[in-house]
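Coordinate inspection notes
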Amino acid sequence: MHNKSISELAAGLRAGEFSSVELVQHYLERISSLDPQLNSYISVCNETALEQAAHADQQIAAGDANPLTGLPIAQKDIFCTKGVKTSCGSHMLDKFISPYDATVVARMKQAGAITLGKANMDEFAMGSSNETSWYGPVKNPWDLEKVPGGSSGGSAAAVAARLCVAATGTDTGGSIRQPAAFCGITGMKPTYGRVSRYGMIAFASSLDQGGPMTRSAEDAAILLQAMAGVDPHDSTSVDEPVPNYSATLNDDLSGLKIGLPKEYFDSGLDDQVAKSIEEAIEEYKKLGAEVVDVSLPNTGLAVPTYYVVAPAECSSNLARFDGVRYGHRCEDPQDLEDLYKRSRSEGFGAEVKRRIMIGTYALSAGYYDAYYLKAQQIRHLISDDFKQAFEQVDVIMGPTTPTTAFGIGEKADDPVTMYLSDIYTIAVNLAGLPGMSIPVRPVDGRPVGLQIIGNYFAEARLLNVAHRLQQTTDWHQSAPGGFE
Amino acid sequence: MSLARDDVEKIAHLARLAVSEDELDSVAAGLSDILQMVEQMSAVDTEGVTPMAHPLHMVQPLRPDRVSEENQRELFQSIAPQTEDGLYLVPKVIE
């Protein structure tokens, strides 16, 4: 049952082969027996998921079902979910029961989805390994000694291990694509503004974007359909029509121009990973695509630029956690300043504090021009690199990550090395473009992700390009040992 | 760019974070490493480049100034650390 696609499950429910209650029960049993090894969930909604499933079964019986009706989905714990703990992976919000639904959650509920649980994540989405979660690290289902990637590591691990039908994630510098690559699943970061950020706990507001994490591009199209669209609650959401993403999945790829940026295949890229990427590109040639060499000359500046823009915005966004209205409050505060300082220091972990301080420094009097303003100017140059490339090509391809999943603890004490592991994903966020990661041939049993980057609002094209490869190869179908 | 202990104390205060005496050196070293990596930016000529405020160069849309939310004080205060008579309580601010 847990290896079926979204459309197969929806058909099975409608045909009465199984009920939504049985489906949810099946996943709850898998979570209780298998998740202790992975730690991919922070909260499991046992009772409410079964209630929602019973309701879904009634709707299906009445012929009143939506595309996701009765399907159990995991929400990254960054999405506010009414009546459910929404921790954002932080001690700060360990007791925060959200009084409202994020737009993404509300829309998915409206499409019939069942909230199975809340997926583990790096604290406030700040991390590339899921090791910064206050709830402990998530293990990679392909190798329990390795990280699942981050920050949406719980979502990626849960999808790969078949502990949910699909999941949501968020991506500020690669947080959907990098864990999707490490866990061998399909993940998409849409164009900035395509998916509402309302109720998605803010990290870096000009970069954050929610998106689907699934076992195939076909499933991603269905999930994105439910998530996307303008929202009056988010003034940065874009009022562009949402196309039917499933309708164009099978479009022909003849004449598709694929750009390969030379900077993504430099000395930092693992040889074996490079071979897997090249093999996938060869498959695209067989499908009729043409390959064009392109250059994104400012690639090397993406990580430094990001580590000014993202911390600056985070220091501002996280100022709201003051121990007054919600979230952690320290014991016996002596005065207001003591309340603020101790509540925040106890509530936030080391990486979050590090980024708040970098951002505070970059925005402090006398440093704004040298840091934030400079970074926003370089961001323009990075964005122009893509603009020029997209004058020649339809999509850009390369590796999602320079290596396969690294070991738990391997980079935890060296933030800068950890940051550099996101070299291929970060520029996409700075430019606001859509990007995907799909699994290609693994290296030594560890998944490898092919990154596909598109022009603004080219999500349908990206899903089409990803789907066609998944029709002729079976890399996306393999399940990690012990979770088949 | 390398930060000294007193720089860290100043930044921590601005961010309303407490950094203990024995953490100061390691925090200063960690932050300095990041700032050193960020330093690569200064070599780039950005003369005349417009800063990018929004990926799609959008301007802020405006909506009519009409009330769209109901007052949900009780619901919101039910998750507050400390309230009384509809007010959020904090330590005494005015002597």
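Please refer to the structure higher up on the page.
Let us look at the structure shown here.

1. Section: the pairing of strand β10 (residues 435-443) of chain A
Residues and elements named next belong to chain A.
- The element β10 is extensively covered by neighbouring structure, given that seven of its nine residues are classed as buried.
- Taken together, the three bridges between strand β5 (residues 186-189) and β10 define a ladder with antiparallel strand orientation. Along β10, the bridge assignment pairs M188 with M436.
- Relative to strand β11 (residues 446-454), β10 runs antiparallel, the two being bridged by seven bridges. Across the sheet, I438 pairs through a bridge with L450, a residue of β11.
- Counted along the chain from β10 to the antiparallel partner β11, the turn is two residues long, and its residue D444 has a positive phi close to 50°.

2. Describing empty space enclosed by the protein
Residue and element names in this part refer to chain A.
- For the structure on display, the rule yields three cavities of 30 Å³ or more.
- In this model, the largest cavity occupies a volume close to 80 Å³.
- Every residue lining the largest cavity is counted, 14 residues in all, and those nearest its centre are G127, S128, S175, Y306 and D422.
- Of the residues that constitute the lining of the largest cavity, the class distribution is four nonpolar, eight polar and two charged.
- There are two domains that each give the lining of the largest cavity at least three residues, and those are domain 1 (6-255) and domain 2 (300-375).
- Put simply, the second largest cavity is a space of about 60 Å³.
- W142, G184, P439, V440, P442, P447, W475 and S478 together form the lining of the second largest cavity.
- Ranked by residue count, the leading element in the lining of the second largest cavity is β10, at three residues.

3. Structural notes on the side chain of A:T168
All names here are of chain A.
- Along the chain, T168 turns up in strand β4 (residues 166-171).
- Judged by its relative accessible area of 0%, T168 falls in the buried class.
- Only 2.8 Å separates the side chain of T168 from the side chain of Q75, close enough to count as a polar contact.
- Residues contacting T168, with those up to four places away along its chain left out, are A74, Q75, K76, F79, V104, M108, S155, G211, M213 and M227.

4. Let's talk about the interface of chain B and chain A
- On the side of chain A, 61 residues touch chain B, which itself brings 48 residues to the contact.
- Summed over both partners, the interface of chain B with chain A comes to about 4,800 Å²; 74% of that surface belongs to carbon and sulfur atoms.
- Its largest share of buried area at the contact with chain A, chain B owes to B:L17, B:M41 and B:M52, together 15% of the area lost on that side.
- The tally of links from chain B across to chain A stands at zero salt bridges.
- Linking chain B to chain A there are 14 residue pairs in polar contact (both at pLDDT 80 or more).
- Secondary structure elements with two or more residues in the side of chain B that touches chain A: α1 (5-14), α2 (24-38) and α3 (73-77) of chain B.

5. Thoughts on the packing of aromatic side chains
Residue and element names in this part refer to chain A.
- In the structure shown here, the tally under the stated rule is 15 aromatic pairs over all chains.
- Look at W134 and Y135: their rings are 5.3 Å apart centre to centre, the planes differ by 85°, and that puts the pair in the edge-to-face class.
- Seen from their ring centres, Y361 and Y367 are 4.5 Å apart, and the 35° between their planes marks the pair as tilted.
- By relative accessible area, Y361 is classed as buried at 5%.
- An aromatic cluster of at least three residues, connected via ring pairs, comprises F96, F124, F321, Y326 and F348.
- Directly above the ring of F406 sits K411, whose terminal nitrogen or CZ lies 4.5 Å from the centroid.

6. Let's talk about the pattern of salt bridges
- Under the defined criterion, the tally for this structure stands at 16 salt bridges over all chains.
- Of the charged contacts in the structure, one is a salt bridge between A:E351 and A:R354, with a shortest N-O distance of 2.4 Å. Of this pair, A:E351 and A:R354 both sit in helix α11 (residues 350-363), separated by three residues, roughly a single helical turn.
- We note a salt bridge from B:R5 to B:D25, for which the minimum N-O separation is 3.0 Å.

What counts and how
- Residues numbered from 1 in each chain as written.
- Chains lettered and ligands numbered in written order.
- Predicted model: local features only at pLDDT ≥ 70, side-chain atom pairs only at ≥ 80, totals over all residues.
- Heavy atoms only, no water.
- Buried < 20%, exposed > 50% of the residue type's maximum accessible area, 1.4 Å probe, protein only.
- Helix = DSSP H or I, 4+ residues; strand = E, 2+ residues; numbered from the N terminus.
- Pairing = 2+ DSSP bridges.
- 1 Å grid on protein atoms, 1.4 Å probe; cavity = no way out; pocket = protein on both sides within 12 Å on 5 of 7 lines; lining within 4 Å.
- Points joined across faces, edges and corners; volume = space filled by probe spheres on them.
- Nonpolar A, V, L, I, M, F, W, Y, C, P; charged D, E, K, R; others polar.
- Domains from an automatic or database assignment.
- Polar contact = N/O pair within 3.5 Å; in protein donor to acceptor, adjacent residues only side chain to side chain.
- Contact = heavy atoms within 4.5 Å.
- Buried area = accessible area lost by both parts, 1.4 Å probe.
- Salt bridge = Lys/Arg side-chain N within 4 Å of Asp/Glu carboxyl O.
- Phe/Tyr/Trp six-rings, centres within 6.5 Å; stacked < 30°, edge-to-face > 60°.
- Lys NZ or Arg CZ within 6 Å of the ring centre and 35° of its normal.

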